[in-house]
Structure formats: structure tokens, C-alpha cells
Amino acid sequence: MTEDASLHLEGVSRHYGRVRALDELSLSIPAGAFVTLLGPSGCGKSTTLNIVAGLDTPDTGVVRLGETEITRMPPNERRMAMVFQNYALYPHMTAFDNIAFSLRLLRRPSDEVRTRVRAVAEMLDIGHLLERKPGQLSGGQQQRVALGRALVKQPLVFLLDEPFSNLDAALRARMRTEVKHLHLALGTTSVFVTHDQEEAMTLSDVVAVMRDGKLVQFGTTTEIYRRPATTYVATFVGKPRMSLVEGALRLGAEAATLVADGLELPLGAPGALGLTGTPPTLVALGVRAEDVRVDPSADATDGIAATVALLEPIGSDTFVELSLGPSTVVARVSPDMPLAIGQPVRMAIAPGRAHLFDAASGVRIGA
Ligand SMILES: Nc1ncnc2c1ncn2[C@@H]1O[C@H](COP(=O)(O)OP(=O)(O)OP(=O)(O)O)[C@@H](O)[C@H]1O
Ligand SMILES: [Mg+2]
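Residues numbered from 1 in each chain as written. Chains lettered and ligands numbered in written order. Predicted model: local features only at pLDDT ≥ 70, side-chain atom pairs only at ≥ 80, totals over all residues. Heavy atoms only, no water.

Side note on unusual backbone geometry
Residue Pro 240 is bonded to the preceding Lys 239 through a cis peptide linkage, with omega at 0°. Locating Pro 240 in the fold gives a position in the loop between α8 (231–236) and β11 (243–251). Even without a glycine there, the phi angle at Glu 24 is positive, about 55°. Tracing the backbone through its elements, the reader meets Glu 24 in strand β2 (residues 19–29). Positive phi, close to 50°, is recorded for Asp 212, a residue that is not glycine. (Helix = DSSP H or I, 4+ residues; strand = E, 2+ residues; numbered from the N terminus.)

So, the sheet that holds strand β7 (residues 157–161)
If you walk across this open sheet you meet the 6 strands as β6-β7-β8-β3-β9-β10, and the pairing is mixed. Taken across any chain shown, the strands that pair with only one partner, and hence form the sheet edges, are β6 (80–83) and β10 (214–220). The average angle at which neighbouring strand axes cross in this sheet is 15°, direction not considered. Two elements, β6 and β7, share 4 bridges in a ladder whose sense is parallel. Residue pairing in the sheet places Ala 81 in a bridge with Phe 158 of β7. Each of β3 (34–38), β6, β7, β8 (189–194) and β9 (206–211) touches helix α1 (residues 45–53); the most contacted strand, β7, lies at about 150° to it. (Pairing = 2+ DSSP bridges. Axes fitted to C-alpha atoms, helices over the stretch in contact; angles between N-to-C directions. Contact = heavy atoms within 4.5 Å.)

Looking at the domain arrangement of the chain
Per the domain assignment, the segments making up the chain are domain 1 (7–228) and domain 2 (240–365). Taken over C-alpha atoms, the centre of domain 1 sits 40 Å from the centre of domain 2. With 5 residues of domain 1 at the contact, the number on the domain 2 side is 7 residues. Between domain 1 and domain 2 the total buried area reaches about 510 Å² when both faces are included, carbon and sulfur atoms providing 41% of it. Interface area lost by domain 1 to domain 2 is led by Tyr 225, Arg 226 and Pro 228, which between them contribute 86%. Our count for the domain 1 to domain 2 interface comes out at 0 salt bridges. Linking domain 1 with domain 2 are 3 residue pairs in polar contact (both at pLDDT 80 or more). (Domains from an automatic or database assignment. Buried area = accessible area lost by both parts, 1.4 Å probe. Salt bridge = Lys/Arg side-chain N within 4 Å of Asp/Glu carboxyl O. Polar contact = N/O pair within 3.5 Å; in protein donor to acceptor, adjacent residues only side chain to side chain.)

Things to note about the packing of helix α2 (residues 95–105) against helix α3 (residues 110–123)
For the pair α2 and α3, interaxial distance at closest approach is 10 Å and the crossing angle is 130°. By the angle between their axes, α2 is oblique relative to α3. For the pair α2 and α3, the sense of crossing is right-handed. Every residue of α3 that contacts α2 at Phe 96, Ile 99, Ala 100, Leu 103 and Arg 104 is listed here: Val 113, Arg 114, Arg 116, Val 117 and Val 120. For the contact of α2 with α3, the class distribution of residues is 7 nonpolar, no polar and 3 charged. (Parallel < 35°, antiparallel > 145°, perpendicular 65-115°, else oblique. Left-handed = near helix turned anticlockwise from the far one by under 90°. Nonpolar A, V, L, I, M, F, W, Y, C, P; charged D, E, K, R; others polar.)

Examining the layout of surface pockets
Here the largest pocket defines a volume of roughly 800 Å³. Taken together, 25 residues make up the lining of the largest pocket; nearest its centre are Asn 76, Met 80, Ala 81, Ser 102 and Lys 153. The set of elements that each furnish at least two residues to the lining of the largest pocket consists of β6, α2 and α4 (139–151). When residues in the lining of the largest pocket are grouped by element, the largest group, 4 residues, is from α2. Looking at the lining of the largest pocket residue by residue, the class counts come to 17 nonpolar, 3 polar and 5 charged. Reported here for the second largest pocket is a volume of approximately 350 Å³. If you go around the second largest pocket, you meet 23 residues; those closest to its centre are Pro 351, Gly 352, Arg 353, Ala 354 and His 355. Among the elements of the structure, α7 (221–226), β20 (355–358) and β21 (364–365) are those that each provide at least two residues to the lining of the second largest pocket. Within the lining of the second largest pocket, the residues separate by chemical class into 12 nonpolar, 4 polar and 7 charged. (1 Å grid on protein atoms, 1.4 Å probe; cavity = no way out; pocket = protein on both sides within 12 Å on 5 of 7 lines; lining within 4 Å. Points joined across faces, edges and corners; volume = space filled by probe spheres on them.)

A look at the site of ligand 1
The immediate surroundings of ligand 1 are formed by Tyr 16, Val 19, Ala 21, Pro 40, Ser 41, Gly 42, Cys 43, Gly 44, Lys 45, Ser 46, Thr 47 and Glu 162. In this structure, Thr 47 approaches ligand 1 through a side-chain N or O atom, which is 2.5 Å from an oxygen atom. Computed on the free molecule, ligand 1 has an accessible area of 640 Å², of which 58% lies beneath the protein chains in the complex. Where the shell around ligand 1 is concerned, the elements lending two or more residues are β2 and α1. (Near = heavy atom within 4 Å. Areas by Shrake-Rupley, 256 points an atom, 1.4 Å probe, with all protein chains shown as cover.)

Some thoughts on the sheet that holds strand β16 (residues 304–313)
Taken together, the 5 strands give an open sheet; going across it, the order is β15-β19-β16-β17-β18, and neighbouring strands pair in antiparallel fashion. In this open sheet, the two edge strands, each paired with only one partner strand, are β15 (292–295) and β18 (327–333). Across the sheet, the axes of successive neighbouring strands diverge by a mean angle of 45°, strand direction being ignored. Across 7 bridges, the pairing between strand β17 (residues 318–324) and β18 is antiparallel. In the sheet register, Val 320 faces β18, and the bridge partner there is Ala 331.

Right, here's the structure in full:
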């Protein structure tokens, strides 16, 4: 087998009876990258990972590691290691024996086993827990043992299927940071599965957003956030979710306007929207909370009129739900801004920060 640890799925489909778990999925992961598969429950994330690991076989399509096709190669020949959500440790074995398991299967000499297990245990800060059995360890400690069991194999590819979802929020955040450090230190190609967009954004350089067994967008976290390909990605990634307002697009010579139900929302110069061809009749305007400007002063005339419907202070910022006729837009403002529910304000979208989508298909149009 080659040492090229890039990973490629080409037109991979997998059906379970009538369920189409994966539908012509193609994905290329460069060697050494840390990629997150992100999508809601049932979108095919685990199926993808299982197929990469060789625990499942696609109906059609090809999986390659570097130049080598591995679609039907047995899992133990793939030089990959997988970490599961439920740890899947052997309960009757000590932490040491759990980590050593794969090396013993390979009949490595016992002093090598000891050295390698010790080394990963130090890396994961569980050196003092090696004599305990899983039942005598906390959830976080068990997950470290599970990580150790994967690391000790020195795999070409790491596969992590929602490994921290059984941990509490604080521990999860810490494990996330550690996995990031481990990846920086080892540079092993890694595929991390999560349905948590925040986890995906904080962990990885590159995110693959999935829906219904298909890839909807593959890009850096910045691209996914700044230039979502569809309304689905736009509203799945980011907190609070991107506000969407549907309406007709009116393109004047000087200004573009969204016209919806008694609402005329200025979108700036038409050129800046980067539209090519004829835009669809009905569009969805998307705007992120940080790109909405709010002016609470009574004599303000810029932007358009809106009413404060709800305030959500989170300490560092306050999220304001604004009513614009029948539509709602969420804005992020300073917690010091004097605002009260029911108060009339003016709002505007920061120049160049409007996202436009075809309302019917949800596909991004323009820049
Ligand atoms: N062995 C199986 N038999 C039948 N259907 C299956 C099987 N495994 C998965 N599925 C179906 O395939 C689809 C994709 O499942 P998969 O486990 O890959 O989703 P997932 O994205 O990992 O979801 P989750 O976030 O809930 O873990 C789902 O609709 C699921 O019900
Ligand atoms: Mg899953």
C-alpha cells in the first residue's frame, strides 16, 4: 500500500432496503487534512465513515487511499483507526490492555507494546489510569482510552464518529481542543463526524456539509460561513441561524431592493450583488445577525423601520429579534444599546453582506 494518506470517495452509493443512505457521494480529502462531516441525524455520516473504514461496503462507487483502491479491502488491512461515540472498550480488560489490543493482535514484542502504550498514554494524560478497567473510569477518561487505542496503531487515517457526544459541554470543549493539538502534532489525515455545527466550525479547516446522503457543500469553515451554497447550509451553520426573508428582487440602475409584503429593503448597488443572467422572480434574502445594523435613536432616518420583538442577551452581545411587517430578522448588537421590546428602530444590512438565494431551489445566486 502507498503512504499517500489522501482519501477519496467517488460516486459512492449505499442503500439499505428502500433507504438511500448515500447517494452518489464524492469527496476528496487531502493527506494530513482534518475534515468534518457535518449534517443532521440520518444524513449518512456514519455510513460514510463505515465505508471508509471497511465496516460497510458501497453498492456502487469507489473508495481510494492515495492511488490504492480500497473499496473491498478488509478493515484490518486499511491502516485506519476509528473512534466511536460509545467508546466500545472491552469492559473486562484494563485501560492498558485495551490500548495494547491491536498491537498484540499484530504480535508485536511485549517491550515494544509497553513503550508504545506508555507513549500514547502520556500524550493523553492517562498514564496513571492504565491499570483500571473501563467501569472504574469517567466518561472522559474512557474516551481518552478509546483515543489511545486508535493512536497506538499509528494509522494513516483517523476516523472519529461523534466521539464526544456522551460528554458534558465543558469536557467536550476540552477534548475538542486536545484533538486539535493532537492533529497539529501528528498531522494524520482525520475525518471527524458531528451533527453539531459549532463543533465542526471550531475543530476543522474544512467542512463537508451533508444532507440526505449527498454532499451539499465542501469548503473551508470561512467559505461555508461566508458563502453558503444553499439556504440549507446558510441556516444550518452559524448561531443564531441566518435570517431569511422571501420577496421579489427589484433591480434598478442604481439600487437593488427586496420587495416583500409592504416591505422595501434596500440591498445596495446591484453590481455588488454579483448577479449574472436573469435572477428568479422570487428570492430569499439571507442576512447574518452581525451584518444587521440597528439604530435605536428616535430621529434616525437611515435604513428601514422595524420593531423590537424580542431581546436575547448573552453577555458579550445581545441578539435582537426585529419585526419587519410579517418578516423577522435577528441582529447582533452591543449589550449597552438601549432597547426595549416594542420599540421602533431603524435597521440596515451592512454593504456587501446580503446573501441571495433562489427561493424555489434554495441555491445561492450571485456573489
Ligand atoms: N443497517 C442499516 N439498516 C437500515 N437502514 C440503515 C442502516 N444503517 C443506517 N441506515 C439508515 O441510513 C440513513 C443514514 O444513516 P447514518 O447512520 O449514516 O446517519 P448519520 O448521519 O450517522 O446519523 P446520526 O447523526 O443519527 O448518527 C438513515 O436513514 C438510517 O436510518
Ligand atoms: Mg451516525
